[in-house]
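# Coordinates in review
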Amino acid sequence: MKRGTGLIVALDEINVHQAIELSRTLKMADALKVGYPFVLRNDMGMVRDLASRNKVVCDFKVADIPNTNRQIVEEAFKSGASAVIVHAFTGRDSLKQCIKTANDFGGEIFCIVEMSHPGSKQFMDKSTDEMAKMVVEEGAHGVIAPGNKPNRIRHIRSMVGDLQIMAPGIGKQGGNAREAIDAGADFVIVGRSICQALKPLDVARKIVAEIGK
Ligand code: O7M
């Protein structure tokens, strides 16, 4: 993904009108991230609409057998996504298929290797290193690392070399954009702190200024 301001806005918990308005207002964002809350509440047509104005990252946390993964990733890219987020824990064959499909469309795959919520420790964090190693070996474009755990971003950066890192968990989950970038993230993903603000543009500008410090 092309890095401009380093801000990606997660369009969660908003309706279709707010999404359209935000997509027009938040032009400084490098991308808008849409996931299940957004797509289930609206439809994939809205993704197409957003993708005509902004770069869109489809956060479908793809985690299935290769054949099903292929279909999900295809639909995302057909709708104009620039990147799709997939889980790494389903293993090498599932990941390989996602990357192959992305390459067919000229799109990018970002893999989750650790998460920002406490439950990540229970199973996922135990396999972060193995997953990060596989992601590099298979040629994914980047990873998702917890933005509220700078030490973990630093560690994941040391594992993935120059792959891009997107870091969610900023603001509402306690993370700080500047600290996440300093620790090695290329992008921060911010949802509620921007989308639920009375003045989303002001908050977005403040975060972009923090990133740029
Ligand atoms: O800023 P928030 O907390 O309102 O939103 C954060 C967004 O990032 C929201 O869309 C989450 O689903 C997502 N996210 C995390 O919060 N933590 C993770 O570990 C991973 C993600 C994510 O985007 O995964 C791809």
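Figured I'd write up the structure that's included with this text.

Basis of the calculations
Residues numbered from 1 in each chain as written. Predicted model: local features only at pLDDT ≥ 70, side-chain atom pairs only at ≥ 80, totals over all residues. Heavy atoms only, no water. Helix = DSSP H or I, 4+ residues; strand = E, 2+ residues; numbered from the N terminus. Buried < 20%, exposed > 50% of the residue type's maximum accessible area, 1.4 Å probe, protein only. Contact = heavy atoms within 4.5 Å. Polar contact = N/O pair within 3.5 Å; in protein donor to acceptor, adjacent residues only side chain to side chain. Core = buried A, V, L, I, M, F, W, Y, C linked by side-chain atoms within 4.5 Å. Near = heavy atom within 4 Å.

## Overview of the environment of N54
Among the secondary structure elements, N54 is positioned in the loop between helix 3 (44–51) and strand 3 (56–62). Using a relative accessible area of 9% as the deciding quantity, one classes N54 as buried. It is 6.8 Å that separates the C-alpha atoms of N54 and S23, two residues lying 31 residues apart in sequence. Among all residues touching N54, those that are not within four sequence positions of it are S23, L26, K27 and L32. Polar side-chain contacts of N54 include one of 3.1 Å to the backbone oxygen of S23.

## Some remarks on the nonpolar core
Formed by 73 residues in total, the largest nonpolar core has its most connected members in L11, I109 and V188. Tallying contributions element by element places strand 3 first for this core, with 5 residues. When residues no more than four places from it in sequence are discounted, the contact partners of I109 are V73, V84, V86, L95, C98, I99, A102, A140, H141 and G142.

## Brief notes about the site of the ligand
Neighbouring residues of the ligand: 17 residues in total, closest D12, K33, S116, Q173 and R192. The contact in question runs from an oxygen atom of the ligand to an N or O atom on the side chain of K61, over 3.3 Å. At 2.8 Å, a side-chain N or O of Q173 approaches an oxygen atom of the ligand. The set of elements that each furnish at least two residues to the shell around the ligand consists of strand 3 and strand 8 (187–190).

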